[in-house]
Amino acid sequence: MADLTTLSLIAPAKLNLFLHINGRLPNGYHELETLFVFLDYGDRLHFKRTDDGAITLKTQIDGLPDEENLIYKAAYALKLATNTAFGAEISFDKHLPSGGGVGGGSSDAATTLLALNALWQLALPLEKLAEIGVALGADVPVFINGQAAIAQGIGEKLAPVNLPETWYLVVHPNVHISTGVIFNNANLPRNTPKLSGDWQSSKHRNDCEELVKKHYPEVEKTLNWLLKYGPSRMTGTGACCFVSFETQHAALEALKSLPETWQGFVARSTNISPAHSELRTKLN
Ligand SMILES: C[C@@](CO)(OP(=O)(O)O)[C@H](O)COP(=O)(O)OP(=O)(O)OC[C@H]1O[C@@H](n2ccc(N)nc2=O)[C@H](O)[C@@H]1O
Ligand SMILES: Nc1ncnc2c1ncn2[C@@H]1O[C@H](COP(=O)(O)OP(=O)(O)O)[C@@H](O)[C@H]1O
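- Going by an unreviewed UniProt entry, the chain carries the name 4-diphosphocytidyl-2-C-methyl-D-erythritol kinase and comes from Pseudoalteromonas spongiae.
- Recorded in UniProt under Pathway (unreviewed entry), the annotation for the chain is "Isoprenoid biosynthesis; isopentenyl diphosphate biosynthesis via DXP pathway; isopentenyl diphosphate from 1-deoxy-D-xylulose 5-phosphate: step 3/6."
- In UniProt, the chain has this text filed under Sequence similarities (unreviewed entry): "Belongs to the GHMP kinase family. IspE subfamily."

1. Focus: the side chain of T34
Item 1. Mapped onto the elements, T34 comes out in strand 2 (residues 30-50).
Item 2. Note on T34: relative accessible area 0%, which makes it buried.
Item 3. Only 2.8 Å separates the side chain of T34 from the side chain of N16, close enough to count as a polar contact.
Item 4. When residues no more than four places from it in sequence are discounted, the contact partners of T34 are N16, F18, L19, A149, I150 and A151.

2. Section: the UniProt feature "binding site: ATP" (unreviewed entry) in the chain
Item 1. In this numbering, the UniProt entry assigns the feature "binding site: ATP" (unreviewed entry) to P97, S98, G99, G100, G101, V102, G103, G104, G105, S106 and S107.
Item 2. By the element assignment, G100 lies in the loop between strand 4 (87-93) and helix 2 (104-119).
Item 3. Apart from residues no more than four positions distant in its own chain, G100 is found in contact with H172, T235, G238, A239 and C240.
Item 4. With respect to the helices, strands and loops of the structure, S106 is situated in helix 2.
Item 5. Beyond its immediate stretch of four places on either side in the chain, S106 contacts L70, D139, V140 and F143.

What counts, and at which threshold
Residues numbered from 1 in each chain as written. Chains lettered and ligands numbered in written order. Predicted model: local features only at pLDDT ≥ 70, side-chain atom pairs only at ≥ 80, totals over all residues. Heavy atoms only, no water. UniProt positions renumbered as here; feature names shortened; annotations may be inferred. Helix = DSSP H or I, 4+ residues; strand = E, 2+ residues; numbered from the N terminus. Buried < 20%, exposed > 50% of the residue type's maximum accessible area, 1.4 Å probe, protein only. Polar contact = N/O pair within 3.5 Å; in protein donor to acceptor, adjacent residues only side chain to side chain. Contact = heavy atoms within 4.5 Å.

Written as structure tokens, this is what we have:
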């Protein structure tokens, strides 16, 4: 295996193709059933191994102290768990909208754990990385595992699935939605029965959608605008909404007519996380 000292790796977006809330745990977290798929679009992170033991971010996010950046937190947590003498310099190109429901922060954290596990020559198994990751965010384990999955629990119990890969137009209606605020709203429905039998033959929805539409009219407008192309849905706790297309061309044509006040991107869904595919290529 190659002994790398630098590594550049994607932190892909995810979509929640459905999101059911089954109940609330004593610690306030919610029991979910959600279908995760990855997109071949995301942030790009650049890592350089150093010998001085320090973790340094060379890029900043406006209004977010480095110590609160999930990239820094992930690197620090891995260093703490392993006592490695190595350090890292990390820069990144942020493409995913913050608070967009596409998992940007969690994916950045997962990519950091995967990359530094290789650069610091730790050889930790994915289960251990996921254990470190879940303390940073409920969404981190699916990115560490790297396989499209139905998640249960708080999002960390993963059953791999194999979905038809297709094209998506993802639209961000320019509103930032805090996951914590939505989950803490008294009017959030929390009583969807657990899926029984074959999940593909059940009816699906996003249980956060109605509440978010009420509080963020731009999300409702986006979902309605997308309806002309097919059934539209919100991902996670919002704000991004998506619709699928059979061809890249059709998705790009729809993107061209997007109202100027919103942002959007077209991406292909993948069953294997593009971070894992890239890492495999670069390590061999
Ligand atoms: C809803 C989902 C669906 O994929 O995605 P996003 O919309 O955030 O992308 C995730 O469960 C979000 O995961 P993540 O964004 O990592 O959440 P965390 O940082 O762990 O938690 C943020 C806050 O959301 C609430 N939370 C999160 C997960 C969960 N199963 N139950 C909760 O109640 C908690 O109030 C917590 O303080
Ligand atoms: N590297 C990071 N990228 C994005 N957000 C981050 C990062 N580190 C910490 N955060 C914090 O996490 C919050 C949720 O971000 P994000 O994961 O992009 O949203 P979502 O969970 O809705 O997809 C942000 O508002 C920000 O305060």
